[in-house]
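So you can see what is in the structure, the chains are spelled out below.
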Amino acid sequence: MPFIVIAVDGGAASGKSSTSRALAQKFNLMHVDTGAHYRTLTLSLLDAGIETPEALTADLSVLSRLTPGTEVRGQEAMMSVGGHVPADNEIRNDRVNAAVSKFAAVPALRKCLFDYQRGQKEVARERGFAGLIMDGRDIGSVIFPDAELRIFLTADPEARAARRAAEGIADSIAERDKADASRKTAPLACPQGAWLIDSTFLTLEEVVAKIAGKLKTLL
Ligand code: DC
């Protein structure tokens, strides 16, 4: 059986995680939401009293104390810090939204996650999954440029804002996209050779079906 890696990138609320989750269920893949990794580290830093990237850069030693672990629940692999996986409402709120892109621009913090995220491939293999589907901003460009399939999801800002509103979540989509796309290290961009899918006028099911058609030829 071939083991495949699928990289799914895109801006905030582009549908990356919902699409990846649905594909993981359909094809027995392990799903990793790397946005949650950055959110979890951001929460740990804020809780440690480190409020700005400048404060972090002034004392990077805190990063070595944030040892990541993995907890697999169904198809989902969640990152723990200090043995604890934070609840969704702890990492998806205004406090974390306002800080996460700023911390995600710090190269030392991204470096911390590089080996951990690459290592998820082995976790998925050991657990008997048919492959790994990882979503984020730099998966097809930096973490798995060698992935069997690299996808970049996009949608008009209005469509993305409407999706978040429908989920009942207030999010700083435009601000985060601007910060994520303009940073020096691993900026948000469609990697060369990736499959660009505009989902503005597509439902989640249609996007999933489109990618599933391609995946069937790879598995
Ligand atoms: O996917 P998300 O919106 O939950 O991601 C939260 C933030 O994490 C996002 O604004 C930028 C950062 N991020 C990143 O820099 N690289 C990734 N691979 C995933 C997320």
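Each value, and the rule that gives it
- Residues numbered from 1 in each chain as written.
- Predicted model: local features only at pLDDT ≥ 70, side-chain atom pairs only at ≥ 80, totals over all residues.
- Heavy atoms only, no water.
- Axes fitted to C-alpha atoms, helices over the stretch in contact; angles between N-to-C directions.
- Helix = DSSP H or I, 4+ residues; strand = E, 2+ residues; numbered from the N terminus.
- Parallel < 35°, antiparallel > 145°, perpendicular 65-115°, else oblique.
- Left-handed = near helix turned anticlockwise from the far one by under 90°.
- Contact = heavy atoms within 4.5 Å.
- Nonpolar A, V, L, I, M, F, W, Y, C, P; charged D, E, K, R; others polar.
- Phe/Tyr/Trp six-rings, centres within 6.5 Å; stacked < 30°, edge-to-face > 60°.
- Lys NZ or Arg CZ within 6 Å of the ring centre and 35° of its normal.
- Salt bridge = Lys/Arg side-chain N within 4 Å of Asp/Glu carboxyl O.
- Buried < 20%, exposed > 50% of the residue type's maximum accessible area, 1.4 Å probe, protein only.
- Polar contact = N/O pair within 3.5 Å; in protein donor to acceptor, adjacent residues only side chain to side chain.
- Core = buried A, V, L, I, M, F, W, Y, C linked by side-chain atoms within 4.5 Å.
- Arc of directions from axis to C-beta.

Section: the packing of helix H1 (residues 16-27) against helix H11 (residues 204-218)
Now for step 1: The geometry of H1 relative to H11 is characterised by a closest axis approach of 10 Å and an angle of 50° between their N-to-C directions. The orientation of H1 relative to H11 falls into the category oblique. The crossing of H1 and H11 is right-handed. On the side of H1, the interface is formed by Ser18, Thr19, Ala22, Leu23, Lys26 and Phe27, while H11 contributes Leu204, Val207, Val208, Ile211, Ala212, Leu215 and Lys216.
Now for step 2: For the contact of H1 with H11, the per-class residue count stands at 9 nonpolar, 2 polar and 2 charged.

Let's talk about the packing of aromatic side chains
Now for step 1: Counted according to the given criterion, the structure contains 0 aromatic pairs.
Now for step 2: The aromatic ring of Phe3 is capped on one face by Arg125, whose charged end is 4.7 Å from the ring centroid.

Quick word on the pattern of salt bridges
Now for step 1: Scanning all chains against the criterion turns up 12 salt bridges.
Now for step 2: As a salt-bridge pair, Arg164 and Glu167 come within 3.3 Å of each other at their nearest N and O atoms.
Now for step 3: Sharing partners across several salt bridges, the network here consists of Asp33, Asp88 and Arg92.

Side note on the environment of Asp33
Now for step 1: Relative to the helices and strands, Asp33 is located in strand S2 (residues 29-33).
Now for step 2: A relative accessible area of 11% places Asp33 in the buried class.
Now for step 3: Separated by 15 residues in sequence, Asp33 and Ser18 place their C-alpha atoms 9.9 Å apart.
Now for step 4: When near neighbours in sequence (up to four residues on either side) are disregarded, Asp33 contacts Ser17, Arg92 and Asp135.
Now for step 5: Reaching out from Asp33, the side chain makes a polar contact with the backbone nitrogen of Gly35 at a distance of 2.9 Å.

Examining the nonpolar core
Now for step 1: Of all hydrophobic cores here, the largest spans 23 residues; its most connected members are Leu41, Leu45, Leu56, Phe103 and Leu109.
Now for step 2: Among the elements of the structure, helix H2 (34-47), helix H4 (61-64), strand S4 (76-81), helix H6 (94-104) and helix H7 (107-126) are those that each provide at least two residues to this core.
Now for step 3: Beyond its immediate sequence surroundings of up to four residues, Leu41 is in contact with Leu66, Met79, Val81, Leu109 and Leu113.
Now for step 4: Ranked by size, the runner-up nonpolar core spans 18 residues in total, among them Ile4, Val8, Ala130 and Ala212.

Some words on unusual backbone geometry
Now for step 1: Phi at Ala13 takes a positive value of approximately 60°, unusual for a residue other than glycine.
Now for step 2: Residues other than glycine seldom take positive phi values, yet Asn28 does so here, at roughly 55°.
Now for step 3: Structurally, Asn28 can be placed in the loop between H1 and S2.
Now for step 4: Residue Asn28 is classed as partly exposed on the basis of its relative accessible area, which comes to 34%.

Remarks on the side chain of Arg110
Now for step 1: Within the fold, Arg110 resides in helix H7.
Now for step 2: A relative accessible area of 8% means that Arg110 is categorised as buried.
Now for step 3: Side-chain polar atoms of Arg110 contact the side chain of Tyr38, separated by 3.2 Å.
Now for step 4: Once residues lying within four places of it in the same chain are set aside, the contact partners of Arg110 are Tyr38, Ala104, Asp138, Arg183, Thr185 and Ala186.

Side note on helix H10 (residues 173-182)
Now for step 1: Within H10, burial applies to Ile173, Arg176, Asp177 and Asp180. Take H10 and look down its axis: the buried residues cluster within an arc of 100°, on one side only. Exposed side chains of H10 directed beyond 90 degrees from the buried face belong to Ala174, Glu175, Lys178 and Ser182.
Now for step 2: Contact partners of the buried residues in H10: H2, H6 and helix H9 (157-166).

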